[in-house]
Amino acid sequence: MSSRARVAFSRKLALSLLVPAMLTGWVVAPMSADARIQQRLDIAADGTVYQYLCSDGEPTGTNHDRMTNVSMGITFNAAAPTVNPFLSPGTTLIARVPASPLVTDFTRVRRSGELSLGTCLPSIAFTAAGSGFWDGPGANNFAGFNAAGLTQVNLAAPAAHITNNAACGDSVYGFDGGTSCETPDNGAEPTDGFDLAPGEGILFVYNGNLFIPANTAGTLRVAGGGAGFDVNASDLSTDSTQDSDTIAVDVTTTTTTTTTTTTTTTTTSTTTVIPTVGNWGMMILGLAFLGAMAWMMKARRAHLQ
């Protein structure tokens, strides 16, 4: 018995090699001279998005930053997501980075714990191939959305939630309790969010591949940021801080042929064949028979004599 080999064709998405700068590059764009939370964005070849937010401990007198709200918008072949940061000093400090449309499915968002990399934005080697490889100093490296050390944001502590209160605008992530986008100048630091000491940061990883339909070329667009407050050694808020960036990459389709190898099994049967004779065979047999009869009669006469 045998079976026919089947050939399956699948299309896999890869980021265009025409934009290598977008694949490996990143943009840090503080919105003011005192913007102490800084961001780095990287995108892997399959659309996985890496968002790193950190504190550099500036200006002088800052003991740590309190990052209270984060956002990320991702679209594919649709209107570009927007991030609308707002930063204001004064008697009321305001810092927020709403993105629209916000990634609201937390099964697509994971984060690391607080990473101590020595400096806010150290030399981080990023490899864009596949799901990406984010390699920070020491053992701080992450390969893809399911990398060890990443936890779904709403299952980690402090747990993420989505906020659209008046102070924060719409479309930011808060972390435990409420979400602080405003606080009095020189008032107690917010109780929600993360403390980031100088050189510390948090990596957020998004399953951007889920935004790209199979067999479809187009543009993957990303916009996001993080915001919070500079805090002094007395745990008082002294300034507002945020960073936000946007990036877009072209996506192309490539065809990969996958061949399924089929094993053919041959069954051999053995048949016992009984030989048959033709006319010449019958004549030979007849002559042999007559010869045998003559020999027997001759032998009988000799015996009788």
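Model, not experiment: these values are computed from the prediction. Throughout, residues of each chain are indexed from 1 in the direction in which the sequence is written. Predicted model: local features are reported for residues with pLDDT of at least 70 only, side-chain atom pairs are reported and counted for 80 or more only, and whole-chain, interface and lining totals are derived from all residues. Just so you know, side-chain values use all the structure's heavy atoms and leave hydrogens and water out.

Colleague: Now, about the pattern of salt bridges: what can you tell me, with residues and values included?
Modeller: Any carboxyl oxygen of Asp or Glu within 4 Å of a side-chain nitrogen of Lys or Arg constitutes a salt bridge here. Taken as a whole and assessed by the stated rule, the structure comprises three salt bridges. Linking Asp42 and Arg40 is a salt bridge whose minimum nitrogen-to-oxygen distance equals 2.6 Å. Here Asp42 falls in the buried class, since its relative accessible area comes to 0%. We call a residue buried when its accessible area falls under 20% of the maximum for its residue type, exposed when it is over 50%, and partly exposed in between, using a 1.4 Å probe and counting protein chains only. When its relative accessible area of 3% is taken as the criterion, Arg40 is described as buried. Across the pair Asp105 and Arg108 runs a salt bridge whose closest N-O atoms are separated by 3.6 Å.

Colleague: Mind laying out the packing of aromatic side chains, listing which residues take part and the relevant values?
Modeller: A pair of Phe, Tyr and Trp rings is counted when the ring centres sit within 6.5 Å of each other, with Trp represented by its six-membered ring. The angle between the planes then sorts it: under 30 degrees is stacked, over 60 is edge-to-face, the rest tilted. The full count for this structure, using the stated rule, is six aromatic pairs. Judged by centre distance (6.2 Å) and plane angle (50°), the ring pair of Trp134 and Phe142 falls under tilted. In this scheme, Lys NZ or Arg CZ marks a charge over a ring once it lies within 6 Å of the ring centre and within 35 degrees of the ring normal. The ring of Phe211 carries the charged tip of Arg108 above its face, separated from the ring centre by 4.7 Å. When the ring centre of Phe145 is taken as origin, the NZ or CZ atom of Arg110, which lies over that ring, is 4.9 Å away.

Colleague: Account for the sheet that holds strand β12 (residues 133-135), with residues named and values stated.
Modeller: When DSSP finds at least two bridges between two strands, those strands are taken to pair. Helix and strand definitions follow DSSP, with helices as H or I runs of at least four residues and strands as E runs of at least two, each counted in order from the N terminus. Across the sheet, which stays open at both edges, the three strands sit in the order β11-β12-β13 with antiparallel pairing between neighbours. The open sheet is flanked by β11 (125-127) and β13 (141-142), the only strands paired with a single partner. The pairing of β11 with β12 spans three bridges and is antiparallel. Across the sheet, residue Thr127 finds its bridge partner in β12, namely Phe133.

Colleague: Which residues make up the state of the cysteines, and what are the values?
Modeller: Two cysteine sulfur atoms form a disulfide, by the criterion used here, when they sit within 2.5 Å. In the structure shown here, the tally under the stated rule is two disulfides. Between the sulfur of Cys54 and that of Cys120 lies a disulfide, 2.0 Å long from S to S. Its torsion about the S-S bond being 75°, the disulfide of Cys54 and Cys120 is classed as right-handed. Linking Cys54 in strand β3 (residues 49-55) with Cys120 in the loop between β10 (115-116) and β11, this pair joins segments that are 66 residues apart in sequence. By relative accessible area, which is 0% here, Cys54 ends up buried. Residue pairing for Cys168: its cysteine sulfur links by disulfide to Cys181, the two sulfurs lying 2.1 Å apart. Taking the sign of the S-S torsion, 105° for the link of Cys168 and Cys181, the bridge is right-handed. One end of the pair, Cys168, is in the loop between β15 (160-163) and β16 (172-175); the other, Cys181, is in the loop between β16 and β17 (182-184), and 13 residues separate them in sequence. Here Cys168 matches Cys181 in class, with each residue buried. Shown here for the protein chain is a disulfide pattern of 1-2, 3-4, where each number marks a bonded cysteine counted in sequence order.

Colleague: How would you summarise the environment of Leu210 if you had to cite specific residues and measurements?
Modeller: Of note, Leu210 is situated in the loop between β19 (200-206) and β20 (218-231). Distance in space between the C-alpha atoms of Leu210 and Arg108 is 8.1 Å, their sequence separation being 102 residues.

Colleague: Break down unusual backbone geometry for me, citing the residues and quoting the values.
Modeller: Cis peptide bonds are those with omega within 30 degrees of zero, and the linkage from Ser100 to Pro101 qualifies with 0°. Note on placement: Pro101 falls in the loop between β8 (99-100) and β9 (109-111). Omega for the bond connecting Ala157 with Pro158 falls within 30 degrees of zero, at 0°, which places this linkage in the cis form. With phi around 50°, Asn77 is a residue other than glycine that occupies positive phi space. Positionally, Asn77 belongs in the loop between β4 (64-76) and β5 (82-83). A positive phi angle, near 65°, is found at Asn186, a position not held by glycine. Considering the arrangement of structural elements, one finds Asn186 in the loop between β17 and β18 (194-196). The class of Asn186 is partly exposed, set by a relative accessible area of 46%.

Colleague: Provide a residue-level description of the nonpolar core, including the pertinent values.
Modeller: For this analysis, a nonpolar core means a set of buried residues of the types Ala, Val, Leu, Ile, Met, Phe, Trp, Tyr and Cys, connected via side-chain atoms within 4.5 Å. Met67, Met72, Tyr173, Phe204 and Tyr206 are the most contacted members of the largest nonpolar core, which totals 29 residues. Of all the secondary structure elements, the ones that give two or more residues to this core are β2 (37-43), β3, β4, β16, β18, β19, β20 and β21 (237-259). When residues of this core are assigned to their parent elements, the largest contribution, five residues, is made by β4. In terms of nonpolar packing, the next biggest core, distinct from the first, is built from 17 residues, Leu117, Phe126, Phe142 and Phe145 among them.

Colleague: Would you mind going over the confidence of the model for the protein chain in detail, with residue names and values included?
Modeller: As a per-residue quantity, pLDDT reports the predictor's confidence and falls between 0 and 100. Considering every residue of the protein chain, the mean pLDDT works out to 78; 71% of them sit at 70 or more. Throughout, a contact is declared for two residues whenever any of their heavy atoms are within 4.5 Å. Confidence drops under a pLDDT of 50 for residues 2-35, and excluding neighbours within four residues, the segment shows 88 contacts in the predicted structure. In this model residues 255-278 is a low-confidence stretch, pLDDT under 50, and it forms 28 contacts with partners more than four residues away in sequence or in other chains.

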